[in-house]
Amino acid sequence: MQTNSKLIKNQFKKSLDKYEQNAVVQVLMADKLIEKLPRNFYTRVLELGCGSGVLTKRLVKNISYNKYYANDIVEKSKIYIDTILKDYIFLGGNAQRLQVNGIFDLIISNAMFQWFTNLEKALEYYKNKLAKGGTIAFTTFAPDNFKEIRDLTGLSLEYKSLEEIREISQKFFDVIYLENFDYTMTFTNPLEILAHMKNTGVNALSTKHWGLKHVKEFCDKYKEIYPDLTLTYSPVIVVGEYKD
Ligand SMILES: C[S@@+](CC[C@H](N)C(=O)[O-])C[C@H]1O[C@@H](n2cnc3c(N)ncnc32)[C@H](O)[C@@H]1O
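Everything numeric here is computed off the predicted structure, so don't read it as measured data.

With that settled, consider the site of the ligand. Close to the ligand lie 25 residues, the nearest being Phe12, Gly49, Gly51, Val54 and Asn110. Examining the composition of the shell around the ligand, we find that three residues originate from one element, helix H1 (residues 5-22), more than from any other. In terms of residue class, the shell around the ligand is built from 14 nonpolar, 10 polar and one charged.

So, in structure tokens, the structure goes:
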């Protein structure tokens with residue numbers, strides 16, 4: 001399905017307060033991404049889609065840097081990043097067409113690139129923003145992500161396969177780390193699954209408001225087809241280096 005940046009913006013804006021307590025998998029992804037960075041000092045860091053700062057706060061504990069630029073399409077994200085970083089520059093706007101001067105030796109993003117309508121174009125753009133010797137590190141998701149929701153409702157982002165992500169990334173960077181793993185969460189009630197998705201901004205998948213009847217049908221079907229009430233995440237971790 002096509003993404004709608006206005007809808008994404010609205011849903012993430014609403015979910016910011018409850019995001020971190022629900023973002024179990026995104027925290028895991030952030031930790032893995034940081035662990036795979038090839039060095040721990042960078043002069044200019046650009047973080048894309050920083051949200052409430054799940055990656056930001058973990059990253060700055062693990063690296064040193066001179067200048068930090070943080071971007072999100074939701075301007076309210078700045079309020080959260082202000083509590084983590086003292087001296088940084090906030091860049092509000094769509095990372096797919098971000099106007100920012102200069103080049104960076106670390107471009108990093110957690111759980112956001114899946115929202116890009118054109119990953120290849122975005123990576124090409126950020127290749128030109130990466131300094132020689134620099135690192136690009138991002139996480140996204142593979143097609144099995146939320147497979148239960150896709151099976152039950154037909155709603156899903158157009159996730160790229162690991163091979164597609166590898167192929168596109170290799171066009172612009174030397175890929176030094178690439179991993180895909182599944183992580184299954186279990187809930188006690190399908191309503192909890194809906195709340196979990198809402199609180200992590202994922203209901204940006206649909207513009208439609210679900211009435212009570214629709215919610216009940218969803219819950220009944222979930223219990224029937226996935227009686228263990230699982231929700232599968234399928235994160236992808238990518239670390240690349242500047243390529244001539
Ligand atoms: C799943 S959250 C991840 C937040 C954070 N990076 C983390 O580590 O948890 C995705 C974030 O990306 C932002 N976002 C989505 N599409 C974007 C875009 N095109 N440009 C910039 N930010 C975007 C959302 O507003 C949201 O804050």
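Below, the discussion takes up the UniProt feature "domain: Methyltransferase type" (unreviewed entry) in the chain. UniProt annotation of "domain: Methyltransferase type" (unreviewed entry) refers to residues 46-138 when read in the numbering used here. Measuring from the first to the last C-alpha atom of residues 46-138 gives 12 Å, for a span that is 26% helix and 33% strand.

Of all six residues making up strand E4 (residues 104-109), six are buried, and the element is well covered by its neighbours. Across five bridges, the pairing between E4 and strand E5 (residues 130-141) is parallel. Its bridge partner lying in E5, Ser109 is registered against Phe138. In this view, the connection linking E4 to its parallel neighbour E5 by way of helix H5 (residues 119-127) has right-handed handedness.

The strand order across the open sheet formed by seven strands is E3-E2-E1-E4-E5-E9-E6, and the pairing between neighbours is mixed. The sheet is open, and its two borders are formed by strand E3 (89-92) and strand E6 (173-180), each paired with just one other strand. Within the sheet, the average angular offset between the axes of one strand and its neighbour, ignoring direction, is 15°. Alignment of strand E1 (residues 41-48) against strand E2 (residues 64-72), held across six bridges, turns out to be parallel. Within E2, the residue paired with Phe41 across the bridge is Ser64. Against the sheet, helix H7 (residues 162-172) makes contact with E5, E6 and strand E9 (235-242), and its axis sits at roughly 160° relative to E6, the strand it touches most.

With that settled, the discussion passes to the nonpolar core. The biggest cluster of nonpolar side chains holds 46 residues, and the ones touching the most others in it are Val45, Ile107, Ile108 and Ile136. A per-element tally of this core places E5 first, with five residues. Formed by five residues, the second largest nonpolar core is a distinct cluster that contains Phe146, Ile149, Tyr222 and Leu231.

Right, let's talk about H7 for a bit. When H7 is considered as a whole, its buried residues turn out to be Ile165, Ser169 and Phe172. Summarising the axial view, the buried residues of H7 lie within an arc of 55°, below the 170-degree limit, and thus occupy one face. Structural note: H7 exposes Glu163 and Lys171 on the side pointing more than 90 degrees away from its buried face. Next to the buried residues of H7 lie H5, E5, E6 and E9.

Rules used in this analysis
Residues numbered from 1 in each chain as written. Predicted model: local features only at pLDDT ≥ 70, side-chain atom pairs only at ≥ 80, totals over all residues. Near = placed C-beta within 6 Å. Helix = DSSP H or I, 4+ residues; strand = E, 2+ residues; numbered from the N terminus. Nonpolar A, V, L, I, M, F, W, Y, C, P; charged D, E, K, R; others polar. UniProt positions renumbered as here; feature names shortened; annotations may be inferred. Buried ≥ 20, exposed ≤ 12 C-beta atoms within 10 Å, placed from the backbone. Pairing = 2+ DSSP bridges. Right-handed = clockwise from strand over helix to strand, strands pointing away. Axes fitted to C-alpha atoms, helices over the stretch in contact; angles between N-to-C directions. Contact = placed C-beta atoms within 7 Å. Core = buried A, V, L, I, M, F, W, Y, C linked by C-beta atoms within 7 Å. Arc of directions from axis to C-beta.

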